[in-house]
Each structure stands twice: as structure tokens, then as C-alpha cells.
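Take a look at the letters that make up each chain.
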Amino acid sequence: MAPYESEDSQGADQHADQHAGRSAVRRRAARYVVPVAVLGVAAATIGLVPALADSGDPDLPKVTAQELIEKIAASDTEQLSGTVKIHTDLGLPSLGGAASSFGGGGGGGKGDGSSADPKTKLTELASGTHTLRVAADGENRQKLSILDDAAEYSVIHNGDDVWAYDSASDEAYHAKADQASGKDQKAEKGAKGAKGSGVPATPKELTDEILKASGDTTSITVDGTAQVAGRDAYRLQIKPKQSGSTVGAVTVSVDAKTGTPLKFTLTPASGGAAVVDAGFTSVDFAKPSAATFDFKPSKGTKVTEADELSTQDHQGRGKAPEEFKGAESLDGLNVIGEGWTSIAELKLPKDSGAAGLASGTGSADMPAEAQNFLSSLGDRVSGTFGSGTVYSTRLVNVLVTQDGTVYAGAVTKEALVKAADAA
């Protein structure tokens, strides 16, 4: 990681990370373009967030922001286990039946994949409150479990194997680690959530995402101390210098002894509760038992192999609805601005149903639940660009214009309209 000054970060990886983020937005725009862009981008920004109530302000030696960031970078924590609580509040209305209308969910029916498939299951972390149990023992052993009242979902990476198991449906998903180089990379990365190389699920991963994307548009300071999960910690505060961003501040509580981020909070510029809170409620840096990473499906458990799902995908499973046929061939994506106020601009295909999206009604062929969902998010706007609809959350906003152009970013509605006018 590049060195940082006391007040400003000098993220050398800023442009590379922005490019990766833009690619993710482009891929998600393939299905029900706006709903998935709004939800998908917001889910990706889980890599920005958390904050759980802890008390106490321990008396620790003074450190500068640069020293604290260097402490995070130098942290060599390879082994840990603990419980993480994540709460995400994007301000979205309840999806209800619209969730399945948007093409998500694995389902357990014949030819409908596996409910244990990590590619869809882990997106549940994008909303609501979840309790996770995480464990890591080096590069080759990680486990992440999502705990519900009466069920548990786990992703386990143990050597050459990646397993996912959904106790509610008694279904399992299996992939070989070498398959992670292709389509099943998400599965292995999901299993590595506790270590920091996959789906952002721990404060360490969330912090890494923020620091890598920070540049000279960012102010970074030390904001006192705290106690998290019974451990003394420093508070690192990260704020945009630019106006127009929907991000207010990110606060990271860093373990004073190990340099491991223990808690991560993103608050919106509009004020109010955090958009996402995530932090350890308990943590142990001892080596987890080897049995933690053992998994063998029980007799009667339905097991789906990764290559089976790959074959189903080639046969058409999970394709976009007819009104969005062609959405997978989006025009080149352009980025307007930099830093926290970057806006992704892309052109939708002519047969993507852009007119309905721009009017806020969706397509006539779109399920009623999906149309109602769009209407609840949409706000009609106009300018020199013409007219369109802004679909809003507390963090990510998306503007679709009548000519089929999409502008999206963690910026205000006014910033999107200004970008469309300038373009």
C-alpha cells in the first residue's frame, strides 16, 4: 500500500479500483438494468461500510493518520475467528415478490440451480441485519457463515475444495479451487471473506476497499479511540473533500495491538443512521481448530457441482427478460469526474426498454412487482439533456434519460442532472 499523509490519502491504486468498480456496474446492468444497477452498485458499496455500539475511550499513545494506516498495512493477521454483525440501510422499499422478478435467487427446483450457490446467496448481505461467524487459518482455509434464527448458510474454503451449504434447504454447492480462475471465482472468494480477498464481509476487507480507492480527494484523520469486542482500538476517519458525494464519512476502528480493523462505519452526507454498520462483536486471534474447516455432505443432501451450474447457464438459465434482450452488449462505459464524485455513464441498447425506465414505469411486459418497485424509487427530472428518471437510494443514485443514457454514482441527484446536461 502506498504511503499516506496525515490528512490526505495518496491512493496509487485509485484508477485501477475505479475501473474494476465500473466493470462490475456494467455487468450488473444486463438484467432489469436500473433495479440491478441500483441494488448491485449499492451491494458493492458494502465494501465501504459498519458501526456497532461499544463503550469506552481507552487512553492510548498518540498516533498520526499515516502511522495508523501503515499499521493496518503491516498487519499480518492470518488466523482469527469471531462473530461479525452487519446492518445495511440503503433506504430501499421492501422488494417483496419483486426479488424473484429481478432474476435473482438460486431456488432449489429442477433445472433452477442450487439454493446454496454463493453467487446469489451472499448478495443477501446487501440489506437488513445479519450475523456472521468468520474463521481464517492462512491462505487455504477460510469459513464464513450467515446465521439465521433457524438456519445457517456457510461457505468453506479448505485446500483444493470450496463448499457452500444451506441448512434450510439441505443443499450443498461444490467447486474445486482451481475452478475459481473462471466463473466460480465468486464462490472461492466468498469463502475467503474472513481473510480479505473476496466478498467484503469483515471490517478488514471493507477498510482495504476504501483505502485503495482513496486519493487526494480524501481527508484522513485519527478521531480518538474506542473499545470494540473488548479490545482497545484507534478510530480512523475518512471523509470526501469534494461536495456532491452522498458519502459523509467512513470510520474504521483499528485494533491497537494487531492493526486489524475491527469495526467499519459509513454514514451518508444526508445524515441519520449509518448506511451500513459492520463490526466484530467478539474476536479471537488464536489458530482455529482444523475441524472448523471440515465439511462432508450428509446422506440425502442435494449436492450441485459448479460445472453443472455452468452447463445450465449455457443452456439459457438466468437470462435477461425479453424486453432487455441485448442489454449484455452495452456501449463503452465512460467515467465523468474523479474520486468520490465519479459518475459512470453508459448507453443502453435500443431494445433494452430504456423508454420505460426513463419514464419511471418500466416495460409493459415487466412483472407488476418490478414496475411498482421502479415507481417507488423513481423521481422525474429534466434539463437541457431532456427528461428522465432518477432512481435513488441513500448512497447510490442512477439517472436514466429518454435517449437511453444511464448516469450512476454515489452522488446527489443534482450532480447526475448536471453531468447529463454537460454531456
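This one's a predicted model, so the numbers in the text were calculated from it and none came from an experiment.

Cut-offs applied
- Residues numbered from 1 in each chain as written.
- Predicted model: local features only at pLDDT ≥ 70, side-chain atom pairs only at ≥ 80, totals over all residues.
- Heavy atoms only, no water.
- pLDDT = per-residue confidence, 0-100.
- Helix = DSSP H or I, 4+ residues; strand = E, 2+ residues; numbered from the N terminus.
- Contact = heavy atoms within 4.5 Å.
- Buried < 20%, exposed > 50% of the residue type's maximum accessible area, 1.4 Å probe, protein only.
- Pairing = 2+ DSSP bridges.
- Axes fitted to C-alpha atoms, helices over the stretch in contact; angles between N-to-C directions.
- Core = buried A, V, L, I, M, F, W, Y, C linked by side-chain atoms within 4.5 Å.

**Some words on the confidence of the model for the chain**
At step 1: Looking at the chain, the pLDDT average stands at 75 and 65% of residues meet or exceed 70.
At step 2: Confidence scores differ between elements of the chain, with helix α2 (residues 33-44) showing the lowest mean pLDDT of 37 and strand β8 (residues 231-240) the highest of 96.
At step 3: For residues 95-111, every residue scores under 50 in pLDDT, and the model assigns this stretch 35 contacts once sequence neighbours within four places are set aside.

**Digging into the environment of A172**
At step 1: Assignment of secondary structure puts A172 in strand β6 (residues 171-176).
At step 2: Look at A172 and you get buried, because its relative accessible area is 0%.
At step 3: Considering only alpha carbons, one finds A172 and P297, 125 residues apart in sequence, at a separation of 7.1 Å.

**Let's talk about the pairing of strand β16 (residues 386-392)**
At step 1: The element β16 is largely enclosed, with a buried count of 5 among its 7 residues.
At step 2: Note: strand β15 (residues 378-383) against β16, 6 bridges, orientation antiparallel. Each bridged residue has a counterpart across the sheet, and for G378 the counterpart in β16 is Y391.
At step 3: In sequence, β15 turns back onto β16 through a hairpin of 2 residues.
At step 4: Linking β16 back to strand β17 (residues 397-401) in an antiparallel pair, the connection comprises 4 residues.

**Points about the sheet that holds strand β2 (residues 128-137)**
At step 1: In spatial order, the strands read β7-β8-β9-β10-β11-β1-β2-β3-β4-β5-β6-β12; together these 12 strands make up an open sheet with mixed pairing. Looking along the sheet, the strands with just one partner apiece sit at the ends: β7 (218-228) and β12 (302-305). Across this sheet, the average inter-strand angle for adjacent strands is 15°, counted without regard to direction.
At step 2: Bridging between strand β1 (residues 79-88) and strand β11 (residues 276-284) involves 8 bridges; their strand directions are antiparallel. Looking at the pairing, V84 lines up with F280 of β11.

**A short note on the environment of G244**
At step 1: Mapping G244 onto the fold places it in the loop between β8 and β9 (247-255).
At step 2: For G244, the residues in contact, after removing those within four places along its chain, are T341, A410, V411, T412 and A415.

**Description of the sheet that holds β15**
At step 1: Overall, antiparallel pairing links the 6 strands, which are arranged β13-β14-β18-β17-β16-β15 in an open sheet. At either margin of the open sheet sits one strand with a lone partner, and together these are β13 (334-336) and β15. Here the average twist between neighbouring strands, direction ignored, is 25°.
At step 2: In this structure, strand β14 (residues 343-347) lies alongside strand β18 (residues 405-409), joined through 4 bridges in antiparallel fashion. The residue of β18 that forms the bridge with K347 is T405.
At step 3: Sitting on the sheet, helix α11 (residues 413-422) touches β13, β14, β15, β16, β17 and β18, and the angle it makes with β17 is about 35°.

**Considerations on the nonpolar core**
At step 1: Core analysis: the biggest nonpolar cluster contains 59 residues, and L236, I238, F280 and V400 have the highest contact counts within it.
At step 2: Among residues more than four places away in sequence, those in contact with F280 are L80, G82, T83, V84, V134, P203, V228, A229, P261 and L262.
At step 3: With 11 residues, the next largest nonpolar core counts I343, V390, Y407 and A415 among its residues.

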